[in-house]
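Architecture at a glance
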Amino acid sequence: MLNIVVLVSGGGTNLQAIMDKIADGTVTNTKIAAVISNNANAYALERAKNAGIPAECISPKQFENRDLFNEALLAGVKKYNPDLVVLAGFLVIIPPALIAEYRNRLINIHPSLIPSFCGTGYYGLKVHEAVLARGNKVTGATVHFVDEGTDTGPILIQKAVYVQQGDTAEVLQKRVMVEAEWEILPQAIDAIANGRVVMEDGKAWIK
Ligand code: GRF
């Protein structure tokens, strides 16, 4: 059984997709041990509580400095003994100690086809605004392992989504979520849970 902790900051629709696909059997051999948010008002915490999943807020606001927050976040994650840590819209810089502790066991969902429209400053609607500004015809989402860079770790799975004439950033964001994010993040978790991920020359593949 893959024990996962999901880190969230917002609405939690990716978390909900994981919960739903565990419930309907699409994702197997997986249990959400806890959901942790930096934002006490994150609706994602409500989603977890409604499902009886331990949910807690660990916020930088609760600590005198970032180092104390980073220590608390790592301790907060470790206490659930996760086999995998999932970043699902987590908007906090990940402490290097957490990356080191969960190397190759820490994944993130990013709402573009990395390496396009990623890195510092590319998050949420900003990603989709940049896609529309450039006039891309195809965008999508990426699940990747997290390393010390920003959106730079080994790519595990991607799914493309067509941009349509007249799209607003909000419309495109929703399409990318529905058609890509909510599909590939559960797929990635199921592959990890069932031993179907292989690393070859630093590249990750799903068998
Ligand atoms: C998603 O668009 C995800 O790609 C990005 O942050 C957003 C989180 O949305 N990393 P939600 O909280 O899962 O609804």
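Quick note: structure is the one above.
Residues numbered from 1 in each chain as written. Predicted model: local features only at pLDDT ≥ 70, side-chain atom pairs only at ≥ 80, totals over all residues. Heavy atoms only, no water.

1. Considering the site of the ligand
Rules: When at least one non-hydrogen atom of a residue lies within 4 Å of a molecule or strand, that residue is treated as near it. Values of accessible area rely on a 1.4 Å probe in the Shrake-Rupley scheme; residue burial ignores everything except the protein chains shown. Cavity: a set of points on a 1 Å grid over the protein atoms alone where a 1.4 Å probe fits but cannot get out. Pocket: an open set with protein on both sides within 12 Å along at least five of seven lines, its lining residues, like those of a cavity, having an atom within 4 Å of a point. Cavities and pockets are treated as containing a molecule whenever more than half of the molecule's atoms lie within 2 Å of their grid points. Charged residues are taken to be Asp, Glu, Lys and Arg, nonpolar residues to be Ala, Val, Leu, Ile, Met, Phe, Trp, Tyr, Cys and Pro, and polar residues to be all remaining types, Gly included.
The local shell around the ligand consists of Gly 10, Gly 11, Gly 12, Thr 13, Asn 14, Gly 89, Ile 109, Pro 111, Met 177 and Glu 181. Burial of the ligand by the protein amounts to 88% of the accessible area it has alone, namely 360 Å². Using a 2 Å cut-off from the grid points, one finds that the ligand occupies the largest pocket. Split into classes, the residues belonging to the shell around the ligand amount to 3 nonpolar, 6 polar and 1 charged.

2. Looking at the pattern of salt bridges
Applied cut-off: A pair is scored as a salt bridge if a Lys or Arg side-chain nitrogen falls within 4 Å of a carboxyl oxygen belonging to Asp or Glu. Strands are runs of DSSP state E lasting at least 2 residues, helices are runs of H or I lasting at least 4, and numbering of each runs from the N terminus. Relative accessibility under 20% of the residue-type maximum defines a buried residue, over 50% an exposed one, and the middle range a partly exposed one, all with a 1.4 Å probe and only protein chains included.
As enumerated under the stated definition, the model contains 6 salt bridges in all. Close ionic contact of Glu 101 with Lys 78 constitutes a salt bridge, the shortest N to O distance being 3.8 Å. Of this pair, Glu 101 sits in helix α4 (residues 96–101) while Lys 78 sits in helix α3 (residues 66–78), and the two are 23 residues apart along the sequence. Judged by its relative accessible area of 34%, Glu 101 falls in the partly exposed class. Arg 103 is paired through a salt bridge with Glu 148; the nearest N and O atoms lie 2.7 Å apart. With Arg 103 in the loop between α4 and β5 (106–110) and Glu 148 in the loop between β6 (138–145) and β7 (155–162), this pair connects stretches of sequence that are 45 residues apart.

3. Comments concerning the layout of surface pockets
Note the cut-off: Grid points are joined across faces, edges and corners, and a volume is the space filled by probe spheres set on the points.
Reported here for the largest pocket is a volume of approximately 920 Å³. Along the walls of the largest pocket sit 39 residues, with Gly 89, Phe 90, Leu 91, Asn 108 and Tyr 123 positioned nearest its centre. Breaking the lining of the largest pocket down by element, the ones donating at least two residues are α1 (13–23), α4, β5 and α6 (169–193). Of the residues that constitute the lining of the largest pocket, the class distribution is 16 nonpolar, 19 polar and 4 charged.

4. Observations regarding the nonpolar core
Here is the rule: Among the buried residues, those of types Ala, Val, Leu, Ile, Met, Phe, Trp, Tyr and Cys that are joined through side-chain atoms within 4.5 Å form a nonpolar core. Contact criterion: two residues are considered in contact whenever any of their non-hydrogen atoms come within 4.5 Å of each other.
Grouped together as the largest cluster of nonpolar side chains are 41 residues, with contacts concentrated most on Ile 107 and Ile 189. Ranked by residue count, the leading element in this core is α6, at 9 residues. Dropping the residues within four chain positions of it, Ile 107 is found in contact with Leu 84, Val 85, Val 86, Leu 87, Val 143, His 144, Phe 145, Val 146, Leu 185, Ala 188, Ile 189 and Ile 192. By size, the runner-up hydrophobic cluster in this structure holds 21 residues, among which are Leu 73, Leu 74, Tyr 80 and Leu 87.

5. A short note on α1
If you check which residues of α1 are buried, you get Asn 14, Leu 15, Ala 17, Ile 18, Met 19 and Lys 21. Buried positions along α1 lie against β1 (2–8), β2 (30–37), α2 (43–50), β4 (84–87), β5 and α6. Within two residues after α1, Gly 25 carries a phi angle of roughly 85°, on the positive side.

6. Section: the environment of Gly 124
One can find Gly 124 in the loop between β5 and α5 (125–134). Gly 124 sits 114 residues away from Gly 10 along the chain, and the two C-alpha atoms are 10 Å apart.

7. Describing unusual backbone geometry
With an omega of 15°, the peptide bond between Ile 114 and Pro 115 qualifies as cis. Here Pro 115 lies in the loop between β5 and α5. Although it is not a glycine, Asp 151 sits at a positive phi angle of roughly 60°. Its relative accessible area of 12% is what places Asp 151 among the buried residues. A positive phi is found at Asp 201, a non-glycine position, where the angle reads about 55°. Along the chain, Asp 201 falls in the loop between β8 (197–200) and β9 (203–206).

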